[in-house]
Amino acid sequence: MRAVHLAAEDDFEGWRDAARSLALAAVPPGDVVWQAGDNGDLFADEAVREAPADGQFSVPRAFVDLARDVVLHSDPQRFALLYAFLWRLRAEPGLIADAADPLRRRLEEFAKQVRRDIHKMRAFLRFREVADEEGPRFVAWFEPEHHIVRANAGFFMRRFASMRWSILTPEVSVHWDGATLTEGPGATKGDAPEGDPVENTWRTYYASIFNPARVKVGAMLKEMPKKYWKNMPETALVPGLIANAQARESGMIAAAEEKIAAVAGGNSQGAWAALRQEAAGCTRCHLYKDATQTVFGEGPVDARVMFVGEQPGDQEDLAGKPFVGPAGQVFDRALAQAGVDRSTVYVTNAVKHFKFEQRGKRRIHSKPQGPEIDACRWWIDQERVLIRPPVTVALGATAARSLFGKVVTISGMRGRPHDLPDGGKAWVTVHPSYLLRLPDKAAAEEEFARFVEDIRQAAVA
Ligand code: URA
């Protein structure tokens, strides 16, 4: 019998190295006992941390993604089950795609439960403000069902990058000081502060995003198990909000009316703010269901140039701002070289919600289709009515399709202005992410220079 002792309950690398060595040494699954963290070292004398062995070993990417999630599950059998699956996978590579295989289904179910727990932590964790000698710190208590805290810490670092925060859980605590993430031992609920002003912020926020048209009490209870309710200040608001739903619905109509009044009164800034607020609750197509938020356009309402991209990416979805991720950096660099100050132009997207496919922990961009572009035209048309830009630059084919209302080719339209159906001139160029995908450095530089030239010509037009 071989005993493998992994350093922690979520030690994916440890499991992977040990599994690789054991499989190369042809140790059958029945001969291995797996232990993790401090869970009683039953086989202390024999316990080994398998060193990576030499030799060829490759498994499908999908298995690695699956294993990364499964390792985070709380079932003590997870490491053994994964190794048993790996053992069979080496003989039968098609197994990874065999949806009927009971072990694969069990592992998929584990992965699903882990992803659900990750989502719950993101959605239901609430910070309370405390002060220490360095100033405000935000502390949250959370009880995950699986070993997801380390895997989820990156999300909170990105989302609350400039805050100092601590997340306390029974198994581990993680702390962010604005620059470094550190870890400490588990905690108890009594270590976390109770109610404070942050709760009021949450209450206000929740009340303002509560969309009466989407109230489904059954679904809310399913999504928000009672276990989490006690930690959430806003749940106390729910009964009142439901009772007021009808009144709130007329409130939404009032917001739309406010926008119309602002337009009629020539208050473009007010109208734009009302439009943005209305778009925050958009359910015109299915994309709102998985995205974090609506990413509305940004820039002065009297901008003379409007740039239209495709849709927010992963980082834009989290930040709520257009073009702040890798494509945004290329875009910023091109604007600077073309002599255009980003703060003077209006930047928006044809589609306002992030469309993606979840692969393991990653959210992979997925191209919006015609019906999604058409549904979202509702918003860009209204942005255009308010801003009336004399010049619009379509970044890529999706933007061009949205603006012209039909499929067009970039190569056929590039380099000269075109009349838009709603007035103004449009220039069509490539999307900045296309430049990021070019494999050849020389070609990338050449294409970047062309992109800069397109922007320059449009801006001076
Ligand atoms: N790509 C886009 O088209 N828009 C963004 O906001 C980011 C990436």
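Residues numbered from 1 in each chain as written. Predicted model: local features only at pLDDT ≥ 70, side-chain atom pairs only at ≥ 80, totals over all residues. Heavy atoms only, no water.

### With respect to the site of the ligand
Then, in step 1: The full set of residues close to the ligand is Gly309, Glu310, Gln311, Pro312, Gly313, Glu316, Pro322, Phe323, Asn349 and His431.
Then, in step 2: Taking Glu310, its main chain carries an N or O atom lying 2.7 Å from an oxygen atom of the ligand.
Then, in step 3: Contact distances for the ligand include 2.8 Å between an oxygen atom and a backbone N or O atom of Phe323.
Then, in step 4: Coverage of the ligand by the protein chains reaches 94% of its 240 Å² of free accessible surface. (Near = heavy atom within 4 Å. Polar contact = N/O pair within 3.5 Å; in protein donor to acceptor, adjacent residues only side chain to side chain. Areas by Shrake-Rupley, 256 points an atom, 1.4 Å probe, with all protein chains shown as cover.)

### Quick word on the side chain of Thr294
Then, in step 1: Locating Thr294 in the fold gives a position in the loop between helix 11 (268-279) and strand 8 (305-309).
Then, in step 2: Polar side-chain contacts of Thr294 include one of 2.8 Å to the backbone oxygen of Ala279.
Then, in step 3: Within the structure, Thr294 has its side chain in polar contact with the side chain of His353 (distance 3.1 Å).
Then, in step 4: In contact with Thr294, other than residues within four places in its own chain, are Ala279, Ala280, Cys282, Lys352 and His353. (Helix = DSSP H or I, 4+ residues; strand = E, 2+ residues; numbered from the N terminus. Contact = heavy atoms within 4.5 Å.)

### Considering the sheet that holds strand 14 (residues 425-429)
Then, in step 1: Reading across the sheet, the 5 strands line up as 9-8-12-14-13 and stay open at both edges, with mixed pairing between neighbours. Only two strands of the sheet have a single partner each, and these edge strands are strand 9 (346-349) and strand 13 (418-419).
Then, in step 2: Note: strand 12 (residues 391-395) against strand 14, 5 bridges, orientation parallel. Bridging across to strand 14, Ala394 finds its partner in Val428.
Then, in step 3: This element, helix 18 (residues 441-460), spans strand 8, strand 12 and strand 14 of the sheet and lies at about 175° to strand 14. (Pairing = 2+ DSSP bridges. Axes fitted to C-alpha atoms, helices over the stretch in contact; angles between N-to-C directions.)

### Some remarks on unusual backbone geometry
Then, in step 1: One non-glycine residue, Ala26, adopts positive backbone phi at about 55°.
Then, in step 2: Within the element layout of this structure, Ala26 appears in the loop between helix 1 (12-24) and strand 2 (32-36).
Then, in step 3: The backbone phi angle of Phe323 is positive, close to 50°, even though this residue is not glycine.
Then, in step 4: Position of Phe323 relative to the elements: it lies in the loop between helix 12 (314-319) and helix 13 (326-338).
Then, in step 5: According to the relative accessible area criterion, Phe323 is buried, its value standing at 6%. (Buried < 20%, exposed > 50% of the residue type's maximum accessible area, 1.4 Å probe, protein only.)

### Side note on the pairing of strand 1 (residues 2-6)
A regular strand places its side chains so that they alternate between the two faces of the sheet.
Then, in step 1: Burial within strand 1 is extensive, with 4 of its 5 residues counted as buried.
Then, in step 2: In terms of strand pairing, strand 1 meets strand 2 through 5 bridges, oriented parallel. Note that in strand 2 the partner of Arg2 across the bridge is Val32.
Then, in step 3: Following the backbone out of strand 1, through helix 1 and into the adjacent parallel strand 2, one traces a crossover that is right-handed. (Right-handed = clockwise from strand over helix to strand, strands pointing away.)

None of the figures reported here should be taken as evidence of function without further support.
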